[in-house]
Amino acid sequence: MKSSTETTAKCEILFTVNGEAVKVLAHPMERLLDVLRNELGLTGAKEGCGEGECGSCAVLLDGMLVNSCLVPVAQIGGANIVTIEGVSAHALIKLLQEAFLECGGTQCGICTPGMILAAVHLLEKQAEPALAEIREGLSGNLCRCTGYMQIFEAVERAAQRRVAQ
Amino acid sequence: MRADPADYRLVSPGNLQAVLSLMAAEPAQWLPIAGGTDVMVLYSAGKLANRKLINIWNIQELRQIEVFPESMRIGAACTYTALREHEVVAREFPLLATAASWTGGIANQNRGTLGGNIANASPAADSLPALLVYDAELTLISERGERCVAYRTFHTGYKQTALAPDELIRSISLPRRFSGYFSHARKVGARNAQAISKVCLAGLGQIAGGAIRDVRLALGSVAPVPLRLSETEHMLVGKQIEPSLMEIVKKRVTQEISPIDDIRSTARYRTAVAANLVAECMEKLAAAGAKA
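Residues numbered from 1 in each chain as written. Chains lettered and ligands numbered in written order. Predicted model: local features only at pLDDT ≥ 70, side-chain atom pairs only at ≥ 80, totals over all residues.

*Asks:* Whenever I open this one, the overall build of chain B confuses me. Can you help?
*Replies:* When you go through chain B residue by residue, the secondary structure sums to 11 helices and 14 strands. A compact globule built from 292 residues should have a C-alpha radius of gyration of about 19 Å, and chain B, at 20 Å, falls within 12% of that. Per-residue burial for chain B yields a buried fraction of 52% across its 292 residues. Of the contacts made within chain B by residues no fewer than 6 positions apart, 62% connect residues no fewer than 24 positions apart. (Helix = DSSP H or I, 4+ residues; strand = E, 2+ residues; numbered from the N terminus. Rg over C-alpha atoms; globule rule 2.2 N^0.38 Å. Buried ≥ 20, exposed ≤ 12 C-beta atoms within 10 Å, placed from the backbone. Contact = placed C-beta atoms within 7 Å.)

Pasting the structure below:
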């Protein structure tokens, strides 16, 4: 039951998504995930659990991996958001895509945008992570299809190829 | 039912004084939100009682880690990632660095904060046993001023704290006198990542002349609050760690804890595991003492 009939005014929030400046009109507590999907048409980030457990809504916020279902949009004024749509030009993406294909790292695809972003975030911090570090870097991303080994192998392979380049 | 964002306010005063003024003007009305890893979960589920939220994520004063000769002061809004990446935390407070690495996955560590973990006051929180054994002190701040409280007195009951309605946790101070201690941390959960603990332990100890000179033990998920095992510690000081001590220790631990059955485990399992974790910690302390 609502304790009051008072509703909050929408506010204007300016930020950058995938290199483009955007302005949205939203209630401050709207989830970044909903703004991306519903206002900006960026449906790469998925809603899995809606409580920060599964990582399928992951995006990069000022270079940090975050779950966009747990970010109120009022906190991102002036921030730089990168979604899966925006990493297509990233130097690592071709390597990750190829490795995911070769290793069978993708099945239904729901977890894939979050997995790729978690892998990008990890490989930007560490060029050649050990298997344990790959497991940890991707530990916030759940996959119900692959059993994970194919994904870890794909990230390892992409990292090796980048170092060899 | 999912929350309607139109029912909630979220303001960003941008500096600490303005946050405290608002909290003083309407005590208990404004819920601080930093990384949102607890607050947003409740909100999304339609279970957040507060309709007014105040953004403290962007308050830089709450994000600093300062190192002094005798102590280290961690801003309440420091993330687990910031803790893990800090050299002095890694070197002198390994139990805290380890607990930070247990908390959620990387995305949650990038947003979750130590102050948030304390204020959320879950007895299952992974970082809180570490704060107990390191003798953490909290600085609480309101428009009325600052006060320091020993962390061990902060949790007054299940999800109850000593925080006044207009107060914010400003920082967590840790004395820098434990770097010479043996330390041991262990979490038992359903899986390694993203699982809330069934039981977790933080332990510190020192051996001198073959006997326990000092020992500090704390457990999560075994009582309404994160629990320091003062009675077990008292019993252990001065003892030699021998196989015959283990059954006595385990019995003492089971007398000191009061776990419950819940969604993650049972009281019976928690009791057995808590006792075993403390015994394991003593065995490792003995092995470290023998090597030294």
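After that view of the structure, there is still more to cover.
*Asks:* Quick question: what am I supposed to make of the sheet that holds strand β3 (residues 52-55) of chain B here?
*Replies:* By definition, the strands of a sheet pair up through backbone hydrogen bonds, in either a parallel or an antiparallel sense. Residues and elements named next belong to chain B. Read across the sheet, three strands follow the order β1-β3-β2 without closing on themselves; strand pairing throughout is parallel. Each of the sheet's edge strands pairs with one partner strand only, and the pair in question is β1 (9-11) and β2 (30-33). When strand polarity is set aside, the average angle formed by the axes of neighbouring strands in this sheet is 30°. The sheet contact formed by β2 and β3 spans four bridges and is parallel. Note that in β3 the partner of P32 across the bridge is I54. (Pairing = 2+ DSSP bridges. Axes fitted to C-alpha atoms, helices over the stretch in contact; angles between N-to-C directions.)

*Asks:* Help me understand the domain arrangement of chain B in this model?
*Replies:* As a measure of interface size, the accessible area lost when the parts come together is often cited. Per the domain assignment, the segments of chain B are domain 1 (5-55), domain 2 (60-175) and domain 3 (182-291). Of note, the centres of domain 1 of chain B and domain 3 of chain B, computed from C-alpha atoms alone, are 37 Å apart. (Domains from an automatic or database assignment.)

*Asks:* Got a minute to help me understand the packing of helix α2 (residues 93-103) of chain A against helix α5 (residues 149-164) of chain A in this structure?
*Replies:* Helix-helix packing is described using two parameters, namely the angle between the two axes and the distance between the axes. Residues and elements named next belong to chain A. The N-to-C vectors of α2 and α5 enclose an angle of 140°; their axes lie 8 Å apart at closest approach. Taken together, the axes of α2 and α5 lie oblique to each other. Here α2 runs over α5; the crossing is right-handed. The residues of α5 that touch α2, namely those facing L95, L96, A99, F100 and C103, are Q150, E153, A154, R157, A158, R161 and R162. For the contact of α2 with α5, a count of residues per class yields seven nonpolar, one polar and four charged. (Parallel < 35°, antiparallel > 145°, perpendicular 65-115°, else oblique. Left-handed = near helix turned anticlockwise from the far one by under 90°. Nonpolar A, V, L, I, M, F, W, Y, C, P; charged D, E, K, R; others polar.)

*Asks:* Can you help me understand the domain arrangement of chain A in this one?
*Replies:* Residues and elements named next belong to chain A. Taken domain by domain, chain A comprises domain 1 (11-86) and domain 2 (90-164). Domain 1 and domain 2 are separated by 22 Å when their C-alpha centres are compared. In terms of residue count, the dominant contributor to the side of domain 1 that touches domain 2 is strand β3 (residues 58-61) (three residues). Split by residue class, the side of domain 1 that touches domain 2 holds eight nonpolar, four polar and one charged.

*Asks:* Where do I start with unusual backbone geometry in this structure?
*Replies:* Trans is the common state for peptide bonds, and a negative phi is the common state for residues other than glycine. Its identity as a non-glycine residue notwithstanding, A28(B) has a phi of 70°, on the positive side. Along the chain, the position of A28(B) falls in the loop between α1 (16-25) and β2.

*Asks:* Is there a simple way to think about the interface of chain A and chain B in this case?
*Replies:* On the side of chain B, 27 residues touch chain A, which itself brings 30 residues to the contact. Looking at the side of chain A that touches chain B, the element that brings in the most residues is strand β4 (residues 64-67) of chain A, giving four residues. Classifying every residue of the side of chain A that touches chain B gives 12 nonpolar, 14 polar and four charged.

*Asks:* How should I be thinking about the environment of N15(B) in this particular structure?
*Replies:* Position of N15(B) among the secondary structure elements: in the loop between β1 and α1. Each C-alpha atom of the pair N15(B) and I59(B) lies 5.6 Å from the other, and the pair is 44 residues apart in sequence.

*Asks:* Looking at this structure, how should I read the nonpolar core?
*Replies:* Looking at soluble globular proteins, one finds that nonpolar side chains tend to be buried together. In terms of nonpolar packing, the biggest core is built from 143 residues, with L117(A), A119(A), L96(B), Y134(B), L219(B), A274(B) and V278(B) touching the most fellow members. At nine residues, the largest contribution of residues to this core is made by helix α11 (residues 267-291) of chain B. A119(A) has contacts with L96(A), L138(A) and V155(A), leaving out every residue within four places of it along the chain. (Core = buried A, V, L, I, M, F, W, Y, C linked by C-beta atoms within 7 Å.)

*Asks:* Explain the sheet that holds strand β13 (residues 211-220) of chain B here, please?
*Replies:* All names here are of chain B. The strand order β11-β12-β13-β14 describes an open sheet built from four strands, whose pairing is antiparallel. Sheet topology places β11 (182-188) and β14 (227-228) at the edges, where each strand pairs with a single neighbour. Taken together, the seven bridges between β11 and strand β12 (residues 199-208) define a ladder with antiparallel strand orientation. Each residue of the ladder has a partner; that of F182, found in β12, is G205. This element, helix α5 (residues 94-102), spans β11 and β12 of the sheet and lies at about 20° to β11. Against the sheet, α11 makes contact with β11, β12 and β13, and its axis sits at roughly 30° relative to β12, the strand it touches most.

*Asks:* Looking at this model, I keep getting lost on α5(A). Mind explaining?
*Replies:* In an α-helix, one turn spans 3.6 residues, which is why side chains three or four residues apart end up on the same side. Residue and element names in this part refer to chain A. Here α5 is 16 residues long and its end C-alpha atoms lie 22 Å apart, about the 22 Å a rise of 1.5 Å per residue gives. Within α5, burial applies to I151, F152, A154, V155, A158 and A159. Buried residues in α5, looked at end-on, bunch into an arc of 160°, giving them a common side. Away from its buried face, by an angle of more than 90 degrees, α5 presents the exposed residues M149 and A164. Looking at the buried positions of α5, the neighbouring elements they touch are α2, α3 (112-125) and α4 (131-137). (Expected span 1.5 Å × (residues − 1). Arc of directions from axis to C-beta.)

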